[in-house]
Amino acid sequence: MGNPVGSTARPQPPAPAGFLDAASGEPLHPAGRAALLAALDEGWADPARLYGAGRRARLALDRAREQVAAALGCRPDEVGFAGSGTEAVHRGVAGLALGRRRVGTHLVASAVEHSCVLHAAELLVAAGGRSTLVGVDQAGVVDDAAFAAALAPGTALACLQSANHEVGTTQPVEAVAAACAEQGVPLLVDAAASVGRGPLPGGWSALTASAAKWGGPAGVGVLSVRTGVRWRSPGPADSRAVSGPGALDAPGRPDVPAVVAAAAALEAVVTAAPVEDARLRGLTDRIRATVAATVPDCEVLGHPTDRLPHIVTFSCLYASGEALLLELDRAGFAVTSGSSCSSSTLEPSHVLVAMGALAQGNVRVSLPHGVDPADVDRFLQVLPGAVQRVRAEAVR
Amino acid sequence: VTGTLGTPGVVDARGLRCPMPVIELQRAAQRAADGAVLTLLADDPAAVTDVPAWCRMRGHILLSVELLSVEQLSVEQGEQGASAYQVQLRKSGAGSASADGSPAR
(Lines give C-alpha, C1' and ligand atoms only; values in the text may rest on other atoms or scores of the structure.)
Protein backbone atom coordinates (compact mmCIF):
# COMPACT_ATOMS: atom_id res chain seq x y z
CA MET A 1 0.00 0.00 0.00
CA GLY A 2 1.20 3.49 -0.77
CA ASN A 3 2.39 5.92 1.80
CA PRO A 4 -0.55 8.26 2.38
CA VAL A 5 1.35 10.15 5.02
CA GLY A 6 3.35 11.90 2.34
CA SER A 7 0.47 14.35 2.53
CA THR A 8 1.55 15.75 5.90
CA ALA A 9 3.22 18.66 4.16
CA ARG A 10 -0.03 19.55 2.40
CA PRO A 11 -1.65 22.70 3.77
CA GLN A 12 -4.59 21.77 5.93
CA PRO A 13 -7.87 22.78 4.38
CA PRO A 14 -10.22 24.42 6.84
CA ALA A 15 -13.14 22.58 8.41
CA PRO A 16 -16.53 23.82 7.14
CA ALA A 17 -16.93 27.57 7.75
CA GLY A 18 -18.29 28.29 11.20
CA PHE A 19 -17.48 24.82 12.57
CA LEU A 20 -16.16 25.60 16.05
CA ASP A 21 -16.89 22.29 17.78
CA ALA A 22 -13.66 20.37 17.18
CA ALA A 23 -13.78 18.90 20.70
CA SER A 24 -16.88 16.93 19.70
CA GLY A 25 -15.01 15.57 16.68
CA GLU A 26 -13.38 17.06 13.63
CA PRO A 27 -14.10 16.25 10.02
CA LEU A 28 -11.72 13.63 8.62
CA HIS A 29 -8.24 15.06 8.09
CA PRO A 30 -7.13 14.97 4.42
CA ALA A 31 -4.20 12.70 5.32
CA GLY A 32 -6.67 10.38 7.03
CA ARG A 33 -9.00 10.52 4.06
CA ALA A 34 -6.23 9.61 1.62
CA ALA A 35 -5.11 6.76 3.87
CA LEU A 36 -8.69 5.53 4.26
CA LEU A 37 -9.27 5.37 0.52
CA ALA A 38 -5.99 3.51 -0.02
CA ALA A 39 -6.69 1.10 2.82
CA LEU A 40 -10.20 0.32 1.58
CA ASP A 41 -8.52 -1.16 -1.49
CA GLU A 42 -5.40 -2.62 0.11
CA GLY A 43 -6.36 -3.35 3.70
CA TRP A 44 -9.86 -4.77 3.43
CA ALA A 45 -9.06 -8.37 4.36
CA ASP A 46 -8.98 -10.06 7.75
CA PRO A 47 -5.54 -9.28 9.19
CA ALA A 48 -5.54 -12.66 10.96
CA ARG A 49 -5.46 -14.56 7.65
CA LEU A 50 -2.26 -15.81 6.11
CA TYR A 51 -2.96 -15.26 2.40
CA GLY A 52 -1.69 -12.19 0.56
CA ALA A 53 -4.65 -9.87 1.15
CA GLY A 54 -4.69 -10.80 4.85
CA ARG A 55 -0.97 -10.18 5.15
CA ARG A 56 -1.33 -6.78 3.49
CA ALA A 57 -4.07 -5.83 5.96
CA ARG A 58 -1.86 -7.05 8.78
CA LEU A 59 1.05 -4.93 7.58
CA ALA A 60 -1.21 -1.87 7.36
CA LEU A 61 -2.51 -2.52 10.87
CA ASP A 62 1.02 -3.00 12.24
CA ARG A 63 2.17 0.21 10.63
CA ALA A 64 -0.82 2.12 12.05
CA ARG A 65 0.00 0.76 15.49
CA GLU A 66 3.59 1.99 15.11
CA GLN A 67 2.40 5.47 14.06
CA VAL A 68 0.05 5.74 17.04
CA ALA A 69 2.74 4.46 19.41
CA ALA A 70 5.16 7.10 18.13
CA ALA A 71 2.57 9.85 18.71
CA LEU A 72 1.84 8.64 22.24
CA GLY A 73 5.46 8.00 23.13
CA CYS A 74 5.14 4.27 23.80
CA ARG A 75 5.86 0.90 22.15
CA PRO A 76 3.62 -0.55 19.42
CA ASP A 77 2.75 -3.61 21.51
CA GLU A 78 1.49 -1.21 24.19
CA VAL A 79 -1.20 0.15 21.83
CA GLY A 80 -4.67 -1.31 21.43
CA PHE A 81 -7.57 -0.22 19.25
CA ALA A 82 -11.22 -0.04 20.28
CA GLY A 83 -14.45 1.01 18.59
CA SER A 84 -14.51 4.47 20.20
CA GLY A 85 -12.82 6.55 22.86
CA THR A 86 -15.62 5.59 25.21
CA GLU A 87 -15.06 1.87 24.65
CA ALA A 88 -11.33 2.39 25.18
CA VAL A 89 -12.01 4.02 28.56
CA HIS A 90 -14.47 1.32 29.59
CA ARG A 91 -11.96 -1.42 28.70
CA GLY A 92 -9.13 0.48 30.33
CA VAL A 93 -10.91 0.99 33.65
CA ALA A 94 -12.47 -2.48 33.78
CA GLY A 95 -9.23 -4.19 32.70
CA LEU A 96 -7.07 -2.39 35.27
CA ALA A 97 -9.63 -3.13 37.98
CA LEU A 98 -9.59 -6.81 36.99
CA GLY A 99 -5.82 -6.89 37.07
CA ARG A 100 -5.83 -5.45 40.57
CA ARG A 101 -8.88 -7.20 42.02
CA ARG A 102 -6.79 -8.90 44.72
CA VAL A 103 -5.48 -5.53 45.89
CA GLY A 104 -8.88 -3.92 46.26
CA THR A 105 -11.89 -2.41 44.53
CA HIS A 106 -11.40 1.27 45.29
CA LEU A 107 -11.11 3.78 42.44
CA VAL A 108 -9.94 7.38 42.65
CA ALA A 109 -10.86 9.83 39.88
CA SER A 110 -11.27 13.55 39.46
CA ALA A 111 -14.77 14.99 39.64
CA VAL A 112 -14.37 16.49 36.17
CA GLU A 113 -13.58 13.33 34.20
CA HIS A 114 -15.48 12.65 31.00
CA SER A 115 -18.80 10.95 31.75
CA CYS A 116 -17.51 7.67 30.24
CA VAL A 117 -14.88 7.47 33.02
CA LEU A 118 -17.48 8.23 35.69
CA HIS A 119 -19.85 5.65 34.21
CA ALA A 120 -17.10 3.02 34.24
CA ALA A 121 -16.45 3.93 37.89
CA GLU A 122 -20.16 3.61 38.68
CA LEU A 123 -20.12 0.07 37.30
CA LEU A 124 -17.30 -0.85 39.68
CA VAL A 125 -19.25 0.64 42.57
CA ALA A 126 -22.39 -1.26 41.53
CA ALA A 127 -20.31 -4.45 41.66
CA GLY A 128 -19.37 -3.76 45.28
CA GLY A 129 -16.42 -1.40 44.90
CA ARG A 130 -16.19 2.20 45.98
CA SER A 131 -14.97 5.38 44.41
CA THR A 132 -13.54 8.70 45.57
CA LEU A 133 -13.98 11.75 43.36
CA VAL A 134 -11.40 14.48 43.88
CA GLY A 135 -12.55 18.06 43.50
CA VAL A 136 -11.22 20.95 41.45
CA ASP A 137 -10.70 24.66 41.97
CA GLN A 138 -12.63 27.40 40.20
CA ALA A 139 -10.38 27.08 37.13
CA GLY A 140 -11.08 23.36 36.94
CA VAL A 141 -7.63 22.27 38.15
CA VAL A 142 -7.58 19.05 40.17
CA ASP A 143 -6.11 19.33 43.66
CA ASP A 144 -3.11 17.00 43.29
CA ALA A 145 -2.48 16.85 47.05
CA ALA A 146 -6.09 15.80 47.68
CA PHE A 147 -5.79 13.27 44.86
CA ALA A 148 -2.66 11.78 46.44
CA ALA A 149 -4.34 11.72 49.84
CA ALA A 150 -7.30 9.79 48.39
CA LEU A 151 -5.06 6.88 47.38
CA ALA A 152 -5.43 4.10 49.92
CA PRO A 153 -4.09 0.56 50.44
CA GLY A 154 -7.17 -0.89 48.69
CA THR A 155 -7.02 1.46 45.71
CA ALA A 156 -7.13 -0.61 42.52
CA LEU A 157 -6.67 2.26 40.08
CA ALA A 158 -6.77 6.00 39.60
CA CYS A 159 -8.10 8.04 36.66
CA LEU A 160 -7.13 11.55 35.71
CA GLN A 161 -7.74 13.30 32.41
CA SER A 162 -4.82 15.01 30.69
CA ALA A 163 -6.98 18.09 30.19
CA ASN A 164 -10.64 18.88 30.60
CA HIS A 165 -12.80 18.39 27.53
CA GLU A 166 -15.28 21.12 28.47
CA VAL A 167 -13.13 24.00 29.66
CA GLY A 168 -9.66 23.05 28.35
CA THR A 169 -7.83 23.23 31.68
CA THR A 170 -4.79 20.94 31.79
CA GLN A 171 -4.38 18.73 34.85
CA PRO A 172 -1.35 18.07 37.07
CA VAL A 173 -0.93 14.57 35.64
CA GLU A 174 2.76 14.18 36.37
CA ALA A 175 2.39 15.12 40.05
CA VAL A 176 -0.53 12.71 40.40
CA ALA A 177 1.35 10.03 38.46
CA ALA A 178 4.28 10.35 40.87
CA ALA A 179 1.95 9.92 43.85
CA CYS A 180 0.33 6.90 42.21
CA ALA A 181 3.72 5.35 41.40
CA GLU A 182 4.81 5.78 44.99
CA GLN A 183 1.82 3.72 46.12
CA GLY A 184 1.95 1.26 43.23
CA VAL A 185 -1.45 2.35 41.93
CA PRO A 186 -1.89 2.30 38.14
CA LEU A 187 -3.02 5.63 36.65
CA LEU A 188 -5.30 5.74 33.62
CA VAL A 189 -5.02 9.04 31.77
CA ASP A 190 -7.94 9.92 29.51
CA ALA A 191 -6.08 11.99 26.92
CA ALA A 192 -8.94 12.32 24.44
CA ALA A 193 -8.96 16.10 24.64
CA SER A 194 -5.17 16.41 24.28
CA VAL A 195 -3.89 13.91 21.72
CA GLY A 196 -2.86 15.83 18.62
CA ARG A 197 -2.93 19.09 20.58
CA GLY A 198 0.62 19.40 21.87
CA PRO A 199 2.84 17.44 24.24
CA LEU A 200 1.29 14.68 26.32
CA PRO A 201 2.10 14.21 30.01
CA GLY A 202 4.29 11.28 31.03
CA GLY A 203 3.94 8.90 33.92
CA TRP A 204 0.74 7.16 32.88
CA SER A 205 0.12 3.44 33.24
CA ALA A 206 -2.73 3.44 30.72
CA LEU A 207 -3.84 6.10 28.28
CA THR A 208 -7.01 6.43 26.24
CA ALA A 209 -7.88 8.56 23.23
CA SER A 210 -10.48 9.01 20.52
CA ALA A 211 -9.55 9.37 16.84
CA ALA A 212 -12.52 11.62 16.03
CA LYS A 213 -11.02 14.31 18.26
CA TRP A 214 -7.85 14.58 16.16
CA GLY A 215 -9.46 14.30 12.74
CA GLY A 216 -9.62 10.53 12.40
CA PRO A 217 -12.78 8.48 11.83
CA ALA A 218 -15.35 8.31 14.64
CA GLY A 219 -15.15 4.54 15.13
CA VAL A 220 -11.59 4.30 16.43
CA GLY A 221 -10.52 4.56 20.04
CA VAL A 222 -7.10 3.90 21.51
CA LEU A 223 -6.24 2.12 24.74
CA SER A 224 -2.55 2.01 25.54
CA VAL A 225 -1.25 0.07 28.53
CA ARG A 226 2.38 0.14 29.59
CA THR A 227 4.36 -3.07 29.70
CA GLY A 228 4.38 -4.43 33.24
CA VAL A 229 1.03 -2.87 34.19
CA ARG A 230 -1.45 -5.55 35.22
CA TRP A 231 -4.42 -5.35 32.86
CA ARG A 232 -6.80 -8.14 31.93
CA SER A 233 -9.21 -7.97 29.04
CA PRO A 234 -12.72 -7.66 30.45
CA GLY A 235 -15.47 -9.75 28.91
CA PRO A 236 -15.21 -13.07 27.07
CA ALA A 237 -11.84 -14.21 25.72
CA ASP A 238 -11.09 -13.56 22.06
CA SER A 239 -9.20 -15.96 19.82
CA ARG A 240 -7.15 -13.11 18.34
CA ALA A 241 -3.81 -12.08 19.80
CA VAL A 242 -3.48 -12.88 23.48
CA SER A 243 -0.03 -11.36 23.72
CA GLY A 244 2.16 -9.05 21.67
CA PRO A 245 0.74 -6.48 19.24
CA GLY A 246 -3.05 -6.64 19.23
CA ALA A 247 -3.43 -8.08 22.73
CA LEU A 248 -5.01 -4.83 23.87
CA ASP A 249 -7.41 -4.56 20.93
CA ALA A 250 -11.14 -4.80 21.54
CA PRO A 251 -12.49 -8.26 20.70
CA GLY A 252 -13.30 -9.06 17.10
CA ARG A 253 -11.80 -8.14 13.78
CA PRO A 254 -10.47 -4.58 13.75
CA ASP A 255 -11.66 -2.10 11.11
CA VAL A 256 -8.25 -1.87 9.45
CA PRO A 257 -9.05 0.97 6.98
CA ALA A 258 -10.47 3.12 9.80
CA VAL A 259 -7.50 2.41 12.05
CA VAL A 260 -5.09 3.22 9.21
CA ALA A 261 -6.94 6.50 8.57
CA ALA A 262 -6.86 7.38 12.27
CA ALA A 263 -3.10 6.76 12.46
CA ALA A 264 -2.36 8.79 9.33
CA ALA A 265 -4.47 11.71 10.57
CA LEU A 266 -2.72 11.57 13.94
CA GLU A 267 0.74 11.56 12.38
CA ALA A 268 -0.26 14.57 10.28
CA VAL A 269 -1.63 16.64 13.17
CA VAL A 270 1.27 15.74 15.45
CA THR A 271 3.72 16.83 12.74
CA ALA A 272 1.87 20.15 12.34
CA ALA A 273 1.23 20.62 16.07
CA PRO A 274 4.12 22.89 17.12
CA VAL A 275 3.11 25.60 14.66
CA GLU A 276 -0.63 24.99 14.62
CA ASP A 277 -1.02 24.86 18.41
CA ALA A 278 0.69 28.23 18.81
CA ARG A 279 -1.59 29.71 16.15
CA LEU A 280 -4.73 28.30 17.81
CA ARG A 281 -3.56 29.43 21.24
CA GLY A 282 -3.29 32.97 19.90
CA LEU A 283 -6.83 32.73 18.57
CA THR A 284 -8.25 31.35 21.83
CA ASP A 285 -6.39 34.05 23.79
CA ARG A 286 -8.15 36.58 21.56
CA ILE A 287 -11.55 34.91 22.11
CA ARG A 288 -11.05 34.91 25.89
CA ALA A 289 -10.14 38.60 25.98
CA THR A 290 -12.76 39.75 23.48
CA VAL A 291 -15.67 37.82 25.02
CA ALA A 292 -14.85 39.18 28.47
CA ALA A 293 -14.69 42.72 27.06
CA THR A 294 -17.73 42.69 24.77
CA VAL A 295 -20.32 40.50 26.52
CA PRO A 296 -21.61 41.98 29.79
CA ASP A 297 -22.29 39.68 32.75
CA CYS A 298 -20.22 36.92 31.22
CA GLU A 299 -17.68 34.62 32.84
CA VAL A 300 -14.83 33.11 30.81
CA LEU A 301 -14.09 29.70 32.31
CA GLY A 302 -11.06 27.46 32.63
CA HIS A 303 -7.45 28.22 33.45
CA PRO A 304 -6.20 31.29 31.52
CA THR A 305 -2.80 29.77 30.70
CA ASP A 306 -2.63 26.10 31.78
CA ARG A 307 -5.02 24.98 29.10
CA LEU A 308 -5.38 23.30 25.73
CA PRO A 309 -4.70 25.51 22.71
CA HIS A 310 -8.08 25.10 21.05
CA ILE A 311 -10.85 25.21 23.70
CA VAL A 312 -12.57 28.28 25.17
CA THR A 313 -15.68 28.14 27.34
CA PHE A 314 -17.78 30.96 28.75
CA SER A 315 -21.13 31.41 30.48
CA CYS A 316 -23.57 34.31 30.20
CA LEU A 317 -25.97 35.34 32.96
CA TYR A 318 -29.68 35.56 32.06
CA ALA A 319 -29.26 33.48 28.91
CA SER A 320 -30.45 30.01 28.02
CA GLY A 321 -27.61 27.87 26.70
CA GLU A 322 -29.89 26.09 24.25
CA ALA A 323 -31.34 29.35 22.90
CA LEU A 324 -27.82 30.70 22.49
CA LEU A 325 -26.70 27.60 20.56
CA LEU A 326 -29.67 27.93 18.22
CA GLU A 327 -29.07 31.65 17.76
CA LEU A 328 -25.42 30.98 16.90
CA ASP A 329 -26.44 28.13 14.60
CA ARG A 330 -28.69 30.56 12.71
CA ALA A 331 -25.64 32.81 12.35
CA GLY A 332 -23.73 29.84 10.89
CA PHE A 333 -21.71 28.69 13.92
CA ALA A 334 -21.53 25.18 15.36
CA VAL A 335 -20.69 25.26 19.07
CA THR A 336 -21.91 23.30 22.08
CA SER A 337 -23.03 23.95 25.65
CA GLY A 338 -22.85 22.47 29.13
CA SER A 339 -26.00 24.28 30.28
CA SER A 340 -28.77 22.17 31.77
CA CYS A 341 -31.33 23.16 29.15
CA SER A 342 -29.17 21.71 26.38
CA SER A 343 -28.73 18.36 28.15
CA SER A 344 -31.12 15.42 28.28
CA THR A 345 -31.63 16.02 32.00
CA LEU A 346 -32.29 19.21 33.94
CA GLU A 347 -28.80 18.99 35.43
CA PRO A 348 -26.04 21.27 34.21
CA SER A 349 -22.71 19.73 33.21
CA HIS A 350 -20.99 17.98 36.14
CA VAL A 351 -17.77 19.76 35.15
CA LEU A 352 -19.29 23.23 35.54
CA VAL A 353 -20.93 22.18 38.82
CA ALA A 354 -17.62 20.84 40.19
CA MET A 355 -15.94 24.15 39.30
CA GLY A 356 -18.74 26.17 40.89
CA ALA A 357 -18.99 27.95 37.54
CA LEU A 358 -22.01 29.68 36.13
CA ALA A 359 -23.76 27.05 34.01
CA GLN A 360 -26.46 29.10 32.30
CA GLY A 361 -25.76 30.57 28.88
CA ASN A 362 -22.76 28.26 28.56
CA VAL A 363 -20.92 28.00 25.26
CA ARG A 364 -17.89 25.87 24.39
CA VAL A 365 -15.88 26.97 21.38
CA SER A 366 -13.25 24.50 20.13
CA LEU A 367 -11.17 25.33 17.10
CA PRO A 368 -10.51 22.65 14.48
CA HIS A 369 -7.04 22.21 13.05
CA GLY A 370 -6.64 24.67 10.19
CA VAL A 371 -9.48 26.96 11.29
CA ASP A 372 -9.72 30.19 9.32
CA PRO A 373 -9.02 33.19 11.61
CA ALA A 374 -11.74 35.08 9.73
CA ASP A 375 -14.23 32.56 11.18
CA VAL A 376 -13.11 33.51 14.68
CA ASP A 377 -13.38 37.22 13.88
CA ARG A 378 -16.89 36.77 12.53
CA PHE A 379 -17.87 34.74 15.59
CA LEU A 380 -16.63 37.49 17.89
CA GLN A 381 -18.60 40.08 15.90
CA VAL A 382 -21.82 38.05 16.03
CA LEU A 383 -21.65 36.87 19.65
CA PRO A 384 -22.58 40.04 21.64
CA GLY A 385 -25.71 40.59 19.55
CA ALA A 386 -26.67 36.92 19.81
CA VAL A 387 -26.39 37.02 23.61
CA GLN A 388 -28.40 40.25 23.73
CA ARG A 389 -31.19 38.77 21.60
CA VAL A 390 -31.36 35.60 23.69
CA ARG A 391 -31.51 37.63 26.92
CA ALA A 392 -34.25 39.86 25.54
CA GLU A 393 -36.18 36.78 24.39
CA ALA A 394 -36.02 35.25 27.88
CA VAL A 395 -37.79 38.21 29.55
CA ARG A 396 -40.34 38.88 26.80
CA VAL B 1 -36.78 30.40 55.72
CA THR B 2 -37.30 34.06 56.34
CA GLY B 3 -40.77 35.13 55.35
CA THR B 4 -43.47 33.09 53.71
CA LEU B 5 -44.82 33.06 50.20
CA GLY B 6 -46.17 36.41 49.09
CA THR B 7 -43.97 38.21 51.60
CA PRO B 8 -41.89 41.10 50.26
CA GLY B 9 -38.36 39.91 49.67
CA VAL B 10 -39.43 36.41 48.62
CA VAL B 11 -39.03 35.50 44.97
CA ASP B 12 -40.93 32.34 44.14
CA ALA B 13 -39.30 30.80 41.09
CA ARG B 14 -40.49 27.25 41.69
CA GLY B 15 -41.44 25.53 38.47
CA LEU B 16 -39.23 27.84 36.43
CA ARG B 17 -36.26 26.44 34.55
CA CYS B 18 -32.77 27.82 33.89
CA PRO B 19 -32.16 30.71 33.33
CA MET B 20 -35.52 32.05 34.63
CA PRO B 21 -34.91 31.74 38.41
CA VAL B 22 -31.79 33.91 38.15
CA ILE B 23 -33.60 36.36 35.87
CA GLU B 24 -36.42 36.70 38.43
CA LEU B 25 -33.85 37.18 41.16
CA GLN B 26 -32.10 39.90 39.18
CA ARG B 27 -35.43 41.68 38.52
CA ALA B 28 -36.24 41.68 42.23
CA ALA B 29 -32.71 42.84 43.05
CA GLN B 30 -33.08 45.84 40.78
CA ARG B 31 -36.24 46.93 42.63
CA ALA B 32 -34.76 46.36 46.10
CA ALA B 33 -32.51 48.61 48.13
CA ASP B 34 -28.82 48.13 48.72
CA GLY B 35 -28.33 45.82 51.70
CA ALA B 36 -31.78 44.26 51.37
CA VAL B 37 -32.14 40.51 51.85
CA LEU B 38 -33.96 38.49 49.19
CA THR B 39 -35.04 34.87 49.42
CA LEU B 40 -35.31 32.90 46.20
CA LEU B 41 -37.37 29.72 46.17
CA ALA B 42 -36.33 27.48 43.29
CA ASP B 43 -36.58 23.81 42.40
CA ASP B 44 -34.47 23.96 39.23
CA PRO B 45 -31.30 21.86 39.81
CA ALA B 46 -29.29 24.42 37.84
CA ALA B 47 -30.00 27.06 40.51
CA VAL B 48 -27.67 25.18 42.87
CA THR B 49 -24.69 26.45 40.88
CA ASP B 50 -26.16 29.46 39.15
CA VAL B 51 -27.37 31.40 42.20
CA PRO B 52 -23.95 31.32 43.92
CA ALA B 53 -22.34 32.23 40.57
CA TRP B 54 -24.75 35.16 40.13
CA CYS B 55 -23.85 36.40 43.63
CA ARG B 56 -20.14 36.14 42.87
CA MET B 57 -20.43 37.89 39.50
CA ARG B 58 -22.72 40.68 40.73
CA GLY B 59 -20.98 41.23 44.06
CA HIS B 60 -23.91 40.11 46.26
CA ILE B 61 -23.56 37.90 49.35
CA LEU B 62 -25.06 34.43 49.53
CA LEU B 63 -26.16 34.14 53.16
CA SER B 64 -27.60 30.62 53.13
CA VAL B 65 -28.97 27.79 51.07
CA GLU B 66 -31.61 25.64 52.69
CA LEU B 67 -33.41 22.60 51.37
CA LEU B 68 -37.09 23.11 52.18
CA SER B 69 -39.24 20.35 53.60
CA VAL B 70 -42.58 19.42 52.11
CA GLU B 71 -44.36 20.90 55.17
CA GLN B 72 -42.64 24.26 54.74
CA LEU B 73 -43.72 24.41 51.15
CA SER B 74 -47.23 23.05 51.70
CA VAL B 75 -47.01 21.20 48.43
CA GLU B 76 -48.44 17.85 47.54
CA GLN B 77 -46.53 14.67 48.31
CA GLY B 78 -44.20 13.62 45.56
CA GLU B 79 -43.66 17.10 44.21
CA GLN B 80 -40.02 18.00 43.70
CA GLY B 81 -38.30 19.59 46.68
CA ALA B 82 -37.17 23.20 46.49
CA SER B 83 -34.37 25.18 48.02
CA ALA B 84 -34.38 28.63 49.59
CA TYR B 85 -31.44 30.85 48.66
CA GLN B 86 -31.01 33.84 50.94
CA VAL B 87 -29.07 36.68 49.36
CA GLN B 88 -27.99 40.05 50.71
CA LEU B 89 -27.73 42.65 47.98
CA ARG B 90 -24.64 44.76 47.60
CA LYS B 91 -25.30 47.14 44.79
CA SER B 92 -22.26 49.38 45.07
CA GLY B 93 -19.96 46.99 43.24
CA ALA B 94 -22.43 45.79 40.63
CA GLY B 95 -23.22 47.74 37.51
CA SER B 96 -26.65 47.98 35.95
CA ALA B 97 -27.48 45.10 33.66
CA SER B 98 -30.03 47.05 31.66
CA ALA B 99 -27.74 48.38 28.97
CA ASP B 100 -27.13 44.99 27.38
CA GLY B 101 -30.74 43.88 27.09
CA SER B 102 -30.66 41.76 30.22
CA PRO B 103 -33.77 41.81 32.36
CA ALA B 104 -34.00 45.38 33.62
CA ARG B 105 -37.53 45.90 32.39
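Right above here is the structure, for reference.
Residues numbered from 1 in each chain as written. Chains lettered and ligands numbered in written order. Predicted model: local features only at pLDDT ≥ 70, side-chain atom pairs only at ≥ 80, totals over all residues. Heavy atoms only, no water.

Enquirer: Can you walk me through the overall build of chain A in this structure?
Expert: Helix and strand counts for chain A come out as 10 helices and 10 strands. Its C-alpha atoms give chain A a radius of gyration of 21 Å, near enough to 21 Å, the size a compact globule of 396 residues would have. Each principal axis of the C-alpha atoms in chain A carries an extent, and together these give about 70 × 50 × 35 Å. Taken over 396 residues, chain A has a buried fraction of 56%. Partitioning the contacts of chain A with sequence separation of at least 6, the portion at a separation of at least 24 is 74%. Roughly 15100 Å² of accessible area belongs to chain A as shown, and the carbon and sulfur atoms make up 55% of that amount. Here chain A carries 32 positive and 37 negative side-chain charges, and the mean point of each set is 6 Å from the other. (Helix = DSSP H or I, 4+ residues; strand = E, 2+ residues; numbered from the N terminus. Rg over C-alpha atoms; globule rule 2.2 N^0.38 Å. Buried < 20%, exposed > 50% of the residue type's maximum accessible area, 1.4 Å probe, protein only. Contact = heavy atoms within 4.5 Å. Areas by Shrake-Rupley, 256 points an atom, 1.4 Å probe, with all protein chains shown as cover. Lys, Arg positive; Asp, Glu negative; His and termini not counted. Charge placed at Lys NZ, Arg CZ, Asp CG, Glu CD.)

Enquirer: Hey, could you run me through the interface of chain A and chain B in this one?
Expert: It is common to give the size of an interface as the accessible area lost on bringing the parts into contact. Chain A puts 25 residues into the contact, and the matching count from chain B is 24 residues. Counting every contact that joins chain A to chain B gives eight residue pairs in polar contact (both at pLDDT 80 or more). Looking at the side of chain A that touches chain B, the element that brings in the most residues is helix 10 (residues 373–394) of chain A, giving four residues. Across the side of chain A that touches chain B, the residue classes break down as 15 nonpolar, six polar and four charged. (Polar contact = N/O pair within 3.5 Å; in protein donor to acceptor, adjacent residues only side chain to side chain. Nonpolar A, V, L, I, M, F, W, Y, C, P; charged D, E, K, R; others polar.)

Enquirer: Can you walk me through a positive patch on the surface in this structure?
Expert: Judged by side-chain charge, Arg101, Arg102, Arg230 and Arg232 of chain A come together as a positively charged surface patch. Positionally, Arg230 of chain A belongs in the loop between strand 7 (221–225) and helix 7 (256–294). (Patch = residues over 30% accessible without salt bridge, like charges linked within 9 Å, V, L, I, M, F, W, Y side chains within 5 Å. Salt bridge = Lys/Arg side-chain N within 4 Å of Asp/Glu carboxyl O.)

Enquirer: Explain the packing of aromatic side chains to me, please; I cannot follow it from the model alone.
Expert: The geometry of an aromatic ring pair is captured by two quantities: the separation of the ring centres and the angle between the planes. Residue and element names in this part refer to chain A. The tally for this structure, following the rule as stated, stands at one aromatic pair over all chains. An angle of 80° between the planes, with centres 5.3 Å apart, marks the rings of Phe333 and Phe379 as edge-to-face. One end of the pair, Phe333, is in the loop between helix 8 (321–330) and helix 9 (350–355); the other, Phe379, is in helix 10, and 46 residues separate them in sequence. Phe379 shares its class with Phe333; the two are buried. Positioned over the ring face of Trp204 is Arg226, at 4.3 Å from the centre of the ring. (Phe/Tyr/Trp six-rings, centres within 6.5 Å; stacked < 30°, edge-to-face > 60°. Lys NZ or Arg CZ within 6 Å of the ring centre and 35° of its normal.)

Enquirer: Can you help me understand the environment of Ser84 of chain A in this one?
Expert: Residue and element names in this part refer to chain A. With respect to the helices, strands and loops of the structure, Ser84 is situated in the loop between strand 1 (79–82) and helix 3 (85–99). In the structure, Ser84 is positioned 256 residues away from Ser340 in sequence and 26 Å away in space, judged by C-alpha atoms. Non-local contacts of Ser84, meaning those with residues more than four positions away in its chain, are made with Ala218, Gly219, Val220 and Gly221. From its side chain, Ser84 meets the backbone nitrogen of Glu87 in a polar contact 3.0 Å long.

Enquirer: When you look at helix 6 (residues 173–183) of chain A in this model, what are you seeing that I'm missing?
Expert: Residues lying three or four places apart along an α-helix face the same way, a consequence of the helix completing one turn every 3.6 residues. Residues and elements named next belong to chain A. Taken as a whole, helix 6 has its buried residues at Val173, Val176, Ala177, Ala179 and Cys180. All buried residues of helix 6 fall inside an arc of 160° around its axis, so they share one side. Exposed positions of helix 6 whose direction lies more than 90 degrees from the buried face are Glu174, Ala181 and Glu182. Looking at the residues trailing helix 6, positive phi occurs at Gly184, about 70°. (Arc of directions from axis to C-beta.)

Enquirer: I would appreciate a short explanation of the pairing of strand 1 of chain A in the present structure.
Expert: Consecutive side chains of a regular strand alternate in pointing toward one face of the sheet and then the other. Residue and element names in this part refer to chain A. Alternating positions in strand 1 separate into two faces, Val79 and Phe81 on one and Gly80 and Ala82 on the other, with burial throughout. Both strand 1 and strand 7 contribute to a ladder of four bridges, which runs antiparallel. Note on strand 7: the bridge partner recorded for Gly80 is Leu223. (Pairing = 2+ DSSP bridges.)

Enquirer: Explanation requested: the sheet that holds strand 4 (residues 83–88) of chain B in the structure shown.
Expert: Backbone-to-backbone hydrogen bonds pair the strands of a sheet. The strands run either parallel or antiparallel. Residue and element names in this part refer to chain B. Spatial strand order, 1-2-4-3: four strands in an open sheet with mixed pairing. At either end of the open sheet lies a strand with only one pairing partner, and these are strand 1 (10–12) and strand 3 (61–67). The sheet shows a mean angle of 20° between the axes of neighbouring strands, taken without regard to direction. For strand 3 and strand 4, the ladder comprises six bridges, and the chain directions are antiparallel. Its bridge partner lying in strand 4, Ser64 is registered against Gln86. Of the strands in this sheet, strand 1 and strand 2 (37–42) are in contact with helix 1 (residues 20–31), which crosses strand 2 at around 160°. (Axes fitted to C-alpha atoms, helices over the stretch in contact; angles between N-to-C directions.)

Everything listed here is a matter of geometry and, on its own, says nothing about what the molecule does.
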